[in-house]
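# Fold and geometry: a report
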Amino acid sequence: MRIHELAKELGVDSKELIEKLKKLNFPVKSHMSSVDEETAEVIKAEFTELKEKEIEENVIEVDFPITVKDLAVKLGKKPSELLADLIKRGKFYTINQNLNEEAAGAIAYQYQVNLKKKPLKEEVILKEETKEVKGRAPIVTFMGHIDHGKTSLLDYIRKSKITEKEAGGITQHIGAYQVHLDKGKITFLDTPGHETFTAMRARGANATDIVVLVVAADEGVKPQTVEAIDHARAAKVPIIVAINKMDKANADPDMVKQQLSKHDLAPEDWGGKTTAVGVSAVTGKGVDELLELILLQSDIMELKADYGRAALGIVVEARLSKGKGPLVTVLIQEGKLDVGDWCVCGLFYGKVRAMLDDHGRPINTVLPAYPAEILGLNGVPNPGDQIFVVPDEKSAKEIVERRREEAAKKKLVTPAHLKLEDLYQKVKEENLKQLKIILKADVGGTLEAVEAALGKIPSQEVELVITHKGVGAINSSDVLLAEVTDSIVVGFKVSIDAQTRELSRKKGIELRIYQIVYELIDDIKAALEGMLTPQIRRVFMGRARVKTVFKLSRFGIIAGCMVEKGKITRAAICQVMRGNEIVHEGKITSLKRFKEDVREVAQGYECGIGTGFDGIQEDDVIDVFSEEVIARKLK
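Below is a short write-up of the structure. (Residues numbered from 1 in each chain as written. Predicted model: local features only at pLDDT ≥ 70, side-chain atom pairs only at ≥ 80, totals over all residues. Heavy atoms only, no water.)

Right, let's get into the sheet that holds strand 22 (residues 434-441). The strand order across the open sheet formed by 4 strands is 23-22-24-25, and the pairing between neighbours is parallel. Single-partner strands in this sheet number two, and they are strand 23 (463-471) and strand 25 (511-514). Averaged over all adjacent pairs, the angle separating strand axes in this sheet is 25°, with direction ignored. Summarising the sheet, strand 24 (residues 488-492) and strand 25 pair through 4 bridges and their orientation is parallel. (Pairing = 2+ DSSP bridges. Helix = DSSP H or I, 4+ residues; strand = E, 2+ residues; numbered from the N terminus. Axes fitted to C-alpha atoms, helices over the stretch in contact; angles between N-to-C directions.)

What follows concerns a negative patch on the surface. Taken together, the side chains of E46, E49, E52, E56 and E57 make up a negatively charged region of the molecular surface. Considering the arrangement of structural elements, one finds E57 in helix 3 (residues 37-57). (Patch = residues over 30% accessible without salt bridge, like charges linked within 9 Å, V, L, I, M, F, W, Y side chains within 5 Å. Areas by Shrake-Rupley, 256 points an atom, 1.4 Å probe, with all protein chains shown as cover. Salt bridge = Lys/Arg side-chain N within 4 Å of Asp/Glu carboxyl O. Lys, Arg positive; Asp, Glu negative; His and termini not counted. Charge placed at Lys NZ, Arg CZ, Asp CG, Glu CD.)

The next subject is the packing of aromatic side chains. Counted under the stated rule, the structure contains 3 aromatic pairs. Note on F142 and F188: the rings are 5.3 Å apart at their centroids and 65° apart in plane angle, and the pair reads as edge-to-face. Residue F142 is found in strand 6 (residues 139-144), and its partner F188 is found in strand 8 (residues 184-190); the two are separated by 46 residues along the sequence. The class of F142 is buried, set by a relative accessible area of 0%. Given a relative accessible area of 0%, F188 falls into the buried group. (Phe/Tyr/Trp six-rings, centres within 6.5 Å; stacked < 30°, edge-to-face > 60°. Buried < 20%, exposed > 50% of the residue type's maximum accessible area, 1.4 Å probe, protein only.)

Attention now moves to the nonpolar core. The biggest cluster of nonpolar side chains holds 23 residues, and the ones touching the most others in it are L153, F188, L290 and I294. For this core, the secondary structure elements donating two or more residues are strand 6, helix 8 (150-158), strand 7 (175-181), strand 8, strand 9 (210-216), strand 10 (239-244) and helix 12 (287-301). (Core = buried A, V, L, I, M, F, W, Y, C linked by side-chain atoms within 4.5 Å.)

Because the α-helix completes a turn every 3.6 residues, residues three or four places apart line up on one side. The terminal C-alpha atoms of helix 10 (residues 223-234), which comprises 12 residues, lie 17 Å apart, in line with the 16 Å expected from a rise of 1.5 Å per residue. Of all the 12 residues making up helix 10, 9 are buried; the element is thus mostly covered by neighbouring parts of the structure. Within the sequence span of helix 10, burial applies to T225, V226, E227, A228, I229, D230, H231, A232 and A234. In the stretch just after helix 10, K236 is the one whose phi turns positive, near 55°. (Expected span 1.5 Å × (residues − 1).)

We now examine the pairing of strand 20 (residues 371-377). Strand 20 sits mainly inside the fold: 7 of its 7 residues count as buried. Where strand 14 (residues 325-334) and strand 20 come together, 5 bridges link them in antiparallel fashion. Note on strand 20: the bridge partner recorded for L331 is P371. Judged from the 4 bridges that link them, strand 17 (residues 348-356) and strand 20 form a sheet pairing that is antiparallel. Across the sheet, residue M355 finds its bridge partner in strand 20, namely I374.

Now for the pattern of salt bridges. Tallying each qualifying case throughout the model produces 23 salt bridges. When the shortest N-O distance is used, the salt bridge between R505 and E502 registers 2.6 Å. On the criterion of helical spacing, the pair formed by R505 and E502 is a turn pair, its members being 3 residues apart in helix 17 (residues 498-507). The exposure class of E502 is partly exposed, given its relative accessible area of 33%. Between R538 and E627 there is a salt bridge; the shortest N-O distance is 3.4 Å. Of this pair, R538 sits in strand 26 (residues 535-552) while E627 sits in strand 34 (residues 621-630); the two residues are 89 residues apart in sequence, bridging distant segments of the chain. Where salt bridges share partners, they join E122, R402, R403 and E406 into one cluster.

Quick look at the structure:
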């Protein structure tokens with residue numbers, strides 16, 4: 001075969017092919033040079049691979065959707081060329097009509113260009129990295145039941161009296177504080193409850209490295225303690241237990257440890273893996289040991305941050321001050337924040353006019369794992385919103401305007417979380433093999449009975465996970481935890497207040513209340529059965545024998561066949577048999593009778609069959625099947 005003939009077959013001119021062959025180290029002198037058949041096949045394969053590689057490397061970034069006119073400009077072609085190309089594909093567009101990513105990409109490929117979606121400005125900023133990666137302080141959250149001494153304990157650690165300044169000793173807002181110790185620094189987040197902790201996570205803010213679970217030695221594990229444990233587990237962070245109020249006469253740490261063991265938090269001295277230490281916020285007993293354990297855990301985790309990049313952090317607290325405007329407490333996670341930086345935070349932006357540290361002192365720079373209060377944003381963001389530095393005001397405005405447009409669109413659409421009815425579809429799309437539920441019941445005995453009944457549902461392929469269980473009404477904390485863990489909230493003989501119902505509607509969380517235990521069990525069992533991989537049964541439909549093989553420019557290799565048994569149906573499952581061996585499995589891609597497309601061909605008739613298999617040969621047998629999907633039951 002001569003080079004000019006090979007070039008024609010590959011759809012390029014001889015000059016381009018010769019240039020490519022030089023790159024591939026094939027010695028050819030002119031378009032009249034000859035190569036043998038085997039060499040020609042090697043050239044075809046290597047030329048195609050080289051061409052695809054060149055297209056892959058020839059990247060042009062564009063915004064989608066893109067008009068035909070704009071795409072023509074990007075490709076350096078006339079719009080009329082692109083319109084003609086689209087018409088060949090059976091698509092009729094005008095010069096100002098938008099093309100989606102798939103259509104534009106297919107056209108660009110024809111012109112040896114790889115189209116890529118231009119990354120959003122904030123995506124580029126957020127991916128920035130430098131080589132100034134160093135260790136950072138751990139960020140620790142205190143969680144636990146109300147009045148078990150979270151704030152008092154933090155107060156002792158900080159050596160300041162924040163508790164006395166707050167009404168009733170209850171934390172009124174989220175604070176972030178850093179303490180300096182001989183062996184290192186620790187940043188504490190003092191949250192008013194696990195709901196805020198989880199709400200921050202729902203916005204994608206994983207701010208905490210370690211959770212300190214505070215349990216009172218005289219009261220032990222309470223319902224809110226259990227909720228705090230489940231919320232901390234959902235965040236997948238290590239838990240250190242601080243058994244507080246050890247100074248009290250009725251303190252019973254062994255009782256607390258026994259209760260913790262029931263929730264898979266068996267302390268190390270009880271043969272478990274959980275670090276637990278007795279402390280007193282009054283006398284300070286055990287506090288130094290707790291801090292050492294936090295630093296030890298952080299050393300194991302090898303926490304690091306990039307100090308050289310532009311600042312990136314999260315909002316811990318935000319409020320509106322009459323005299324100063326929006327005051328935002330932020331925790332910097334990467335880079336450094338300076339006074340004068342332009343920032344984007346949620347749906348707001350601004351220039352940092354001033355910054356205060358956790359003691360209210362003015363500062364000019366904030367480093368990773370350090371909290372600060374900043375002034376200068378043009379609105380009050382939500383806790384958990386991300387804050388990051390941008391190059392200038394123009395960039396900040398662009399990002400915020402686009403975000404506000406997206407937020408307005410999202411308001412029109414209800415968030416899509418897991419629902420029992422949609423479970424089978426979700427299993428197919430995501431290969432889901434877990435059903436997560438939050439279980440609430442009216443009394444403890446009933447809760448145990450329902451849990452035991454659910455535990456008896458047999459299943460080896462799919463898993464029922466109880467994310468959280470508790471006694472009492474379904475509340476906003478349950479809904480927030482369900483949002484983060486993609487769980488369904490199931491209640492037995494419990495109530496839901498109007499506020500929680502509204503929150504679940506906004507979040508797209510399914511709530512199910514039952515009065516009869518068998519109905520609850522049947523629904524969960526049916527949902528798990530829907531998650532089982534269905535059994536597929538093949539039913540023989542027909543057989544055709546290949547009499548001849550030919551190639552069509554539009555359809556590729558076609559087998560001219562005689563239908564020997566049953567019928568052949570377009571798009572049916574097929575097997576190509578050669579003797580007793582299966583050489584190909586796939587689908588019937590095309591079916592023709594005298595150049596006409598047909599749906600099926602009966603026994604005794606000739607037809608042309610496309611299987612997508614280029615290696616098909618004369619005398620091969622094509623067996624065709626239909627498939628039946630058989631739903632499986634839990635045994």
